[in-house]
Amino acid sequence: RLDFNFGLRLDIPEGNFRVKISDFDTEQVYFDKYISGGRLLSVEQYFIRWHIEVFLDEQLIFSHTLNLEGQPVTIMSRISTIGDLIALLPYFRELKKRYRCKLSLCLKDHFTELVSQLYPDLNQIDEVDFNTYATYFPIMLMSSFPFVPVDTRKMSMNRIGGMLFGIDYFPPKAVFKPTAPPVTNEPYVCIAVQASMTPKSWLYPGGWDIVIDYLKSLGYRVFCIDKEKEYTSHDLTIRKPEGAEDFTGNHPLIERANMLYHAEFFIGLGSGLSWIAYAVDCPVVMICGFSQDWFEFYTPYRVANRKVCNGCFNDFRVEFLREGSCPYHKKTPRAMECQKKISPRMVIDAIERLIIDHNLTPPALA
């Protein structure tokens, strides 16, 4: 018995069998041994064009090369973080297109409506029964081979899906069509001051208040769309800025997508709401020094201070997520300076460039 529902899975009966397993494209041999009875499981669960040969008494009796064409294939996503999934989604559709398979997605519940709107051509299912030819479990794992081909800290999030699915080009983004009108007819800007962990937040004292006052001086309404009014982790508490209107709450992602689609622009962090804004083509000012410029999606309005310690998220010599704060300067005055020493002037400069580039006319200047 052979399938590809947990990587490569091959059952061998009792007998004098020699099994050879290789990558059909690269000819790399993963396994070539005699075996009598048992199950072979590959550690690799990403796309490999497996080639299996089984010999009995040195005579080839079975040969198969993975071929997804016309086959039922499932992607089961355990991902709960917004940015990771949005970065992978174009590759899900490209997998279906390139290999001409019958693809189904099994996603976390809170993603289904937004994904249906972005990719209506992708079939979604509630459960996986594994009566399929292949099942993939994509994840952006900070680990070395063989669980992923490359530690995902070493490449752009927009390229990781290609690495996992054997696609060596950037597939096109989806085109988002809003499902609701704007929340107001007045020009507004959305902000988000929280991330999955507080060390990713902008930590310049009073920085958000200065930027919000600037936006209001231009006549914009400013909506804070974080999930929580207040969020604490790693001994840091991040609160909704007083000057921003309160649109916080655990709203469906499709509501956030609609709100961002109609916004003039978005100001956020290296976090999920920035990725939703990117997905719906809302211009993004990203305040982010903890990772390198190439890691998240490209925006010309990324704000980082590269003159201080920065980018440790992509430094595989340390564990940013495990450390939970500043791996190099914890408990010193320089702790998290990558997020503390981004000045409001730098953020306002990016906003001014965005307004010019997108031919926006702030209400106060109309």
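Draft legend 1. Focus on the overall build of the protein. On a plain count of helices and strands, the protein comes out with nine helices and 19 strands. In terms of overall dimensions, the protein has C-alpha extents of about 85 × 50 × 30 Å along its principal axes. Out of the 366 residues belonging to the protein, those deemed buried represent 54%. Accessible area for the protein stands at about 17300 Å²; split by element, carbon and sulfur atoms hold 51% of it. With 40 positive and 44 negative side-chain charges, the protein shows a spacing of 3 Å between the two charge centroids.

Draft legend 2. Inspection of the sheet that holds strand S18 (residues 284-287) at higher detail. The parallel open sheet is built from six strands, whose spatial order is S16-S13-S12-S17-S18-S19. Each of the sheet's edge strands pairs with one partner strand only, and the pair in question is strand S16 (245-246) and strand S19 (302-303). Direction of pairing for strand S17 (residues 266-268) relative to S18: parallel, over a ladder of three bridges. Directly across from Gly 268, in S18, lies its bridge partner Met 286.

Draft legend 3. Looking closely at the side chain of Asn 314. Relative to the helices and strands, Asn 314 resides in the loop between S19 and helix H7 (320-323). Apart from residues lying up to four places away in sequence, Asn 314 is in contact with Arg 153, Ser 291, Gln 292, Trp 294 and Phe 295.

Draft legend 4. Fine view of the environment of Met 163. Within the secondary structure, Met 163 is located in helix H3 (residues 157-165). For Met 163, a relative accessible area of 14% puts it in the buried group. For the pair Met 163 and Val 150, spaced 13 residues apart in sequence, the C-alpha separation works out to 8.1 Å.

Draft legend 5. Expanded view of the packing of helix H1 (residues 82-99) against helix H6 (residues 272-279). Taken N-terminus to C-terminus, the directions of H1 and H6 make an angle of 30 degrees; their axes are 7 Å apart at the nearest point. In this view, H1 runs roughly parallel relative to H6, as classed from their interaxial angle. Residues Ile 82, Gly 83, Ile 86 and Ala 87 of H1 form the contact with H6, whose participating residues are Gly 272, Trp 275, Ile 276 and Ala 279. Residue composition of the contact of H1 with H6, by class: six nonpolar, two polar and no charged.

Draft legend 6. Layout of H6. Most of H6 is tucked away: eight of the eight residues are buried. Every buried residue of H6 is accounted for by Gly 272, Leu 273, Ser 274, Trp 275, Ile 276, Ala 277, Tyr 278 and Ala 279. Once H6 ends, the next one or two residues include Asp 281, with phi positive near 65 degrees.

Draft legend 7. Expanded view of the packing of aromatic side chains. According to the stated counting rule, one finds 20 aromatic pairs in the structure shown. Consider the rings of Tyr 278 and Phe 297, whose centres lie 4.4 Å apart with planes at 15 degrees: the pair is stacked. Linking Tyr 278 in helix H6 with Phe 297 in the loop between S18 and S19, this pair joins segments that are 19 residues apart in sequence. For the pair formed by Tyr 278 and Phe 297, the shared burial category is buried. When the ring centre of Phe 316 is taken as reference, the NZ or CZ atom of Lys 154 above it lies at 4.4 Å. Just above the ring of Tyr 278 sits the side chain of Lys 173; from NZ or CZ to the centre is 4.0 Å.

Draft legend 8. Structural context of the pairing of strand S7 (residues 59-65). Pairing of strand S6 (residues 50-56) with S7, which is carried by six bridges, proceeds in the antiparallel orientation. Counterpart to Ile 52 in the pairing with S7 is His 64. Hairpin connection of S6 to S7: two residues between the antiparallel strands, including Asp 57 at a positive phi of 50 degrees.

Draft legend 9. Seen up close, the sheet that holds S7. Here we have four strands laid out as an open sheet, ordered S4-S3-S6-S7, and antiparallel in their pairing. Only two strands of the sheet have a single neighbouring strand rather than two, namely strand S4 (29-35) and S7. Averaged over all neighbouring strand pairs, the angle between strand axes comes to 10 degrees, with direction disregarded. For strand S3 (residues 17-23) and S6, the ladder comprises seven bridges, and the chain directions are antiparallel. The residue of S6 that forms the bridge with Asp 23 is Trp 50.

The rules behind each value
- Residues numbered from 1 in each chain as written.
- Predicted model: local features only at pLDDT ≥ 70, side-chain atom pairs only at ≥ 80, totals over all residues.
- Heavy atoms only, no water.
- Helix = DSSP H or I, 4+ residues; strand = E, 2+ residues; numbered from the N terminus.
- Buried < 20%, exposed > 50% of the residue type's maximum accessible area, 1.4 Å probe, protein only.
- Areas by Shrake-Rupley, 256 points an atom, 1.4 Å probe, with all protein chains shown as cover.
- Lys, Arg positive; Asp, Glu negative; His and termini not counted.
- Charge placed at Lys NZ, Arg CZ, Asp CG, Glu CD.
- Pairing = 2+ DSSP bridges.
- Contact = heavy atoms within 4.5 Å.
- Axes fitted to C-alpha atoms, helices over the stretch in contact; angles between N-to-C directions.
- Parallel < 35°, antiparallel > 145°, perpendicular 65-115°, else oblique.
- Nonpolar A, V, L, I, M, F, W, Y, C, P; charged D, E, K, R; others polar.
- Phe/Tyr/Trp six-rings, centres within 6.5 Å; stacked < 30°, edge-to-face > 60°.
- Lys NZ or Arg CZ within 6 Å of the ring centre and 35° of its normal.

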